[in-house]
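Overview (structure and organization)
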Amino acid sequence: MNWDHLHSFLAVVQHGSVVAAARAIGVAHTTIARRISALESELGVRLFDRRADGYWLTHEGERVAVHVREIGDRVTALERDTAGRDTRVEGPVRVSVSESLLLDWALPHLERFAHEWRGIQLELITSDSLSNLHRREADVALRATNDPPETLVGRKLAVIAVATYRARGTRPDRWVGWVDRSGEHAWKEGPLADMPVHHRSNSPVVYRELAARGFGLAKIPCYVGDADPRLERVPPGEPEFDRAVWLLTHADLRSAKRIRLLLDFLGESMAAERDRIEVGATRWRER
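Let me begin by describing the structure that accompanies this report. What you are looking at is a predicted structure, and each value in this text was computed from that prediction instead of being measured. (Residues numbered from 1 in each chain as written. Predicted model: local features only at pLDDT ≥ 70, side-chain atom pairs only at ≥ 80, totals over all residues. Heavy atoms only, no water.)

Quick look at the packing of aromatic side chains
- Tallied over the full model, the rule gives five aromatic pairs.
- Centre to centre, the rings of W178 and Y207 are 5.8 Å apart; their planes meet at 75 degrees, and the pair counts as edge-to-face. Within this pair, whereas W178 is found in strand β7 (residues 175–180), its partner Y207 is found in helix α6 (residues 204–212), the two being separated by 29 residues in sequence. Each member of the pair, W178 together with Y207, is buried.
- In textbook terms, an aromatic cluster arises when at least three aromatic residues are bridged by ring pairs, as seen for F9, F48 and Y55. (Phe/Tyr/Trp six-rings, centres within 6.5 Å; stacked < 30°, edge-to-face > 60°. Helix = DSSP H or I, 4+ residues; strand = E, 2+ residues; numbered from the N terminus. Buried < 20%, exposed > 50% of the residue type's maximum accessible area, 1.4 Å probe, protein only.)

Right, dumping it as structure tokens:
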């Protein structure tokens, strides 16, 4: 049985659509669709109901998915084990990082690493998901979380201080809302909690930009908000500590030479900026 067909089937199961599966695997969506059709013909069953809102497993598809997941887990474990023994200092390393962490903190460090280790090719994947490490869709992840999975290993780099910001010189009477997979959040607290949410975004960069352009109040990391001259903290301006930033990998991969080099490099250089990430709270209290 063709592994490419099984791999594509599993990717659609995991991601819910041909387009998302193609993006995860790195092939054209037409290739995914063709492989699914070939697998259905080979097995003699219809695996998915094709709907406008995605691909939905049929009853037979659910039965097949159980077996394919087991096969996929074994293949992935073999890939991790092999990768973990790799002593080369050249080749790709896939880094999964949120858009905000990448642009506001990690990118200069990754740039220095790329100049120092020219044989290592960085593949940057902007994502908020940690599960992709288990499926080897990424080798290393930078995540803001207070609950990293026990199956991953790494180190805590800093705890992010956040505060409420507004466009400098303005007095907004509404909040900018944040929307993610779990729903809508406004982080409305204290005397401003009764203000309505009027504009929304699911991008941290756009979310911050809306606040800077006067669309409303927003909760923003202090190291980002204090550095933007268009923003000011809403009085009293007292920050709070939000999620920690973790540098993570799968236990099977941490011994791979080029992954170890990146982990050590980022662990040292980014942790050295811990004061910058957390100092917003300290400096504000000392003003």
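Alright, that's what it looks like, and here's the rest.
Observations concerning unusual backbone geometry
- Here the residue pair P235 and P236 is connected by a cis peptide bond, since its omega of 5 degrees sits within 30 degrees of zero.
- Relative to the helices and strands, P236 is located in the loop between β11 (231–233) and β12 (240–250).

Quick notes on the environment of I277
- Within the element layout of this structure, I277 appears in helix α9 (residues 274–286).
- With 120 residues separating them along the chain, I277 and L157 place their C-alpha atoms 9.4 Å apart.
- If sequence neighbours within four positions are ignored, I277 has contacts with W105, A158, V159, I160, A161 and Y223. (Contact = heavy atoms within 4.5 Å.)

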